[in-house]
Amino acid sequence: MTAYPMPTLTGDAALQVEAVPLTAIAEQFGTPTYVYSRAALTEAFQAYQHALAGRRASICYAVKANSNLGILNAFARLGAGFDIVSGGELQRVIAAGGDAAKVVFSGVGKTSVEMRQALDAGIRCFNVESAAELDRLASVAAECGKVAPIAFRVNPDVDPKTHPYISTGLKNNKFGVAFDDAIALYRKAATLPGIAIKGIASHIGSQLLDPAPAGEAAERVLTLVEQLATEGITLAHIDIGGGMGIRYSDETPPVADDYLAPVLKALADRSEEILLEPGRSLIGNAGLLLTRIEYLKPGQEKHFAVVDAAMNDLARPALYDAFHEVVPVIARDLPAQTYDVVGPICESGDFLARNRALKVADGDLLAILSAGAYGMTMASNYNTRARAAEVMVDGKQCHLIRERENIADLFALERRLPD
Ligand SMILES: *Cc1c(COP(=O)(O)O)cnc(C)c1O
């Protein structure tokens, strides 16, 4: 899996990504800037390919983890399919050069407009999450004279043992259809002319560090596949979702080979194609947020490093109390001080890291690691802050894959009241 931490220290002790020093990126593009490593995301993708060698399988990158066109394009060139959760993400995949025929569409609230858009584009599969969605999809398909390929996303009721906000496969949450309702839904779908049954899907949560729950989910799903077969309903694929965890601090996530071993064991005798929907594990450790210290602010109880990135750039600490490693870009020979690394936003929740021993001075650059997934995609313009630039490093080269926003663009769609 992706090396951790992604950046390496060079001889002169400046942190670099692949062959590019972060000091050079800050100089050229300013801060805050998201920096990604093409080698790291490629390595993460190839780790899955390695684990799946010899199996008919597709890796559908979960676009919501990071939907930048440059990143989608890099995955498309590696042969990835895509897991989307909105019509907007479908447009991105197509704009990035991705193949709509490799797209699966998840989500509990697909609108008729999104369904039509996806049917017109010819996506691979709708992962249907309710009886009402099945009815809606059948009627939309009939209206456009198309047949909608579907899987039901079933809720296997397996505890992924992760953060409650990112656990999705238990009975009491909004995702998927109940395990006990699945067979009846397939029977119904089989009678609908606008619907073609293709597969079955499940996704039990995110940041999973233990391989066992995914294996259990696969076993649960397999019982449905076998029962459906006895009724003459055969499936072409089994989608086991995403969710493999990454290292943020001292976690020891499995490598893809080990993570998938229980799944592959459960499905060893099956001929269906296996689909995966990994997001975080493909891009999380391939990205960092580069920020500059504006002020060091000593306090009586606490010292603060006030940086130019904030919770609007990286929401995970404020949202989930998530931990991101913070590394100074230049190593200094100073005594370490304990700091909270905070942004300029008017919220006490605006912190990126707390209680970190850092050897830093005013104006120093910091790298906030493991920020490639659910970083930029969750960024906002709170406090009328322009969203960060994004840069993809590829060996010695550095590609700007998203310009920093202009403030004027932030209110370009707004209007003053008439005189
Ligand atoms: C978010 C999501 C994923 C990706 O999850 P990761 O934890 O980022 O791997 C996959 N499938 C579905 C349906 C999702 O909602």
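Source: prediction; values computed, not measured.

Sites flagged by UniProt as "active site" (unreviewed entry) map to Cys346. Residue position: Cys346 is located in the loop between β17 (337–342) and β18 (351–358). Residue classification places Cys346 among the exposed positions, given a relative accessible area of 67%.

Lining the immediate environment of the ligand, one finds 14 residues, of which Lys64, Ser206, Glu277, Arg280 and Tyr374 sit closest. In this structure, an oxygen atom belonging to the ligand sits 2.7 Å away from a side-chain N or O atom of Lys64. In the complex, the protein chains occlude 94% of the 390 Å² of accessible area that the ligand would expose alone. Each residue belonging to the shell around the ligand can be placed in one class, and the counts come to three nonpolar, six polar and five charged.

Moving on, we come to the packing of aromatic side chains. For the structure shown, the criterion picks out five aromatic pairs. Relative to Tyr36, the ring of Tyr34 has its centre 6.2 Å away and its plane inclined at 5°; by these criteria the two rings are stacked. By relative accessible area, which is 0% here, Tyr36 ends up buried. Pairing Phe152 with Tyr186 gives two aromatic rings, centres 4.8 Å apart and planes at 75°, and the pair type is edge-to-face. Of the two residues, Phe152 sits in strand β9 (residues 148–155) while Tyr186 sits in helix α7 (residues 182–191), which places them 34 residues apart along the sequence. Residue classification places Phe152 among the buried positions, given a relative accessible area of 0%. Through successive ring pairs, a cluster of aromatic residues spans Phe45, Tyr61 and Phe75. The ring of Phe179 is capped by Arg220, whose NZ or CZ atom sits 4.0 Å from the centre of that ring.

As a further point, take the pattern of salt bridges. Under the defined criterion, the tally for this structure stands at 17 salt bridges. Arg38 is paired through a salt bridge with Asp394; the nearest N and O atoms lie 3.1 Å apart. Pair noted here: Arg38 is in helix α2 (residues 38–51) and Asp394 is in strand β20 (residues 389–394), with a separation of 356 residues, a long-range link. We note a salt bridge from Arg332 to Asp364, for which the minimum N-O separation is 2.6 Å. On the criterion of sequence distance, the pair formed by Arg332 in the loop between β16 (326–328) and β17 and Asp364 in the loop between β18 and β19 (365–368) is long-range, its members being 32 residues apart. A relative accessible area of 7% means that Asp364 is categorised as buried. Because the salt bridges share partners, they merge into one network encompassing Arg56, Arg124 and Glu273.

Cut-offs used in this document
Residues numbered from 1 in each chain as written. Predicted model: local features only at pLDDT ≥ 70, side-chain atom pairs only at ≥ 80, totals over all residues. Heavy atoms only, no water. UniProt positions renumbered as here; feature names shortened; annotations may be inferred. Helix = DSSP H or I, 4+ residues; strand = E, 2+ residues; numbered from the N terminus. Buried < 20%, exposed > 50% of the residue type's maximum accessible area, 1.4 Å probe, protein only. Near = heavy atom within 4 Å. Polar contact = N/O pair within 3.5 Å; in protein donor to acceptor, adjacent residues only side chain to side chain. Areas by Shrake-Rupley, 256 points an atom, 1.4 Å probe, with all protein chains shown as cover. Nonpolar A, V, L, I, M, F, W, Y, C, P; charged D, E, K, R; others polar. Phe/Tyr/Trp six-rings, centres within 6.5 Å; stacked < 30°, edge-to-face > 60°. Lys NZ or Arg CZ within 6 Å of the ring centre and 35° of its normal. Salt bridge = Lys/Arg side-chain N within 4 Å of Asp/Glu carboxyl O.

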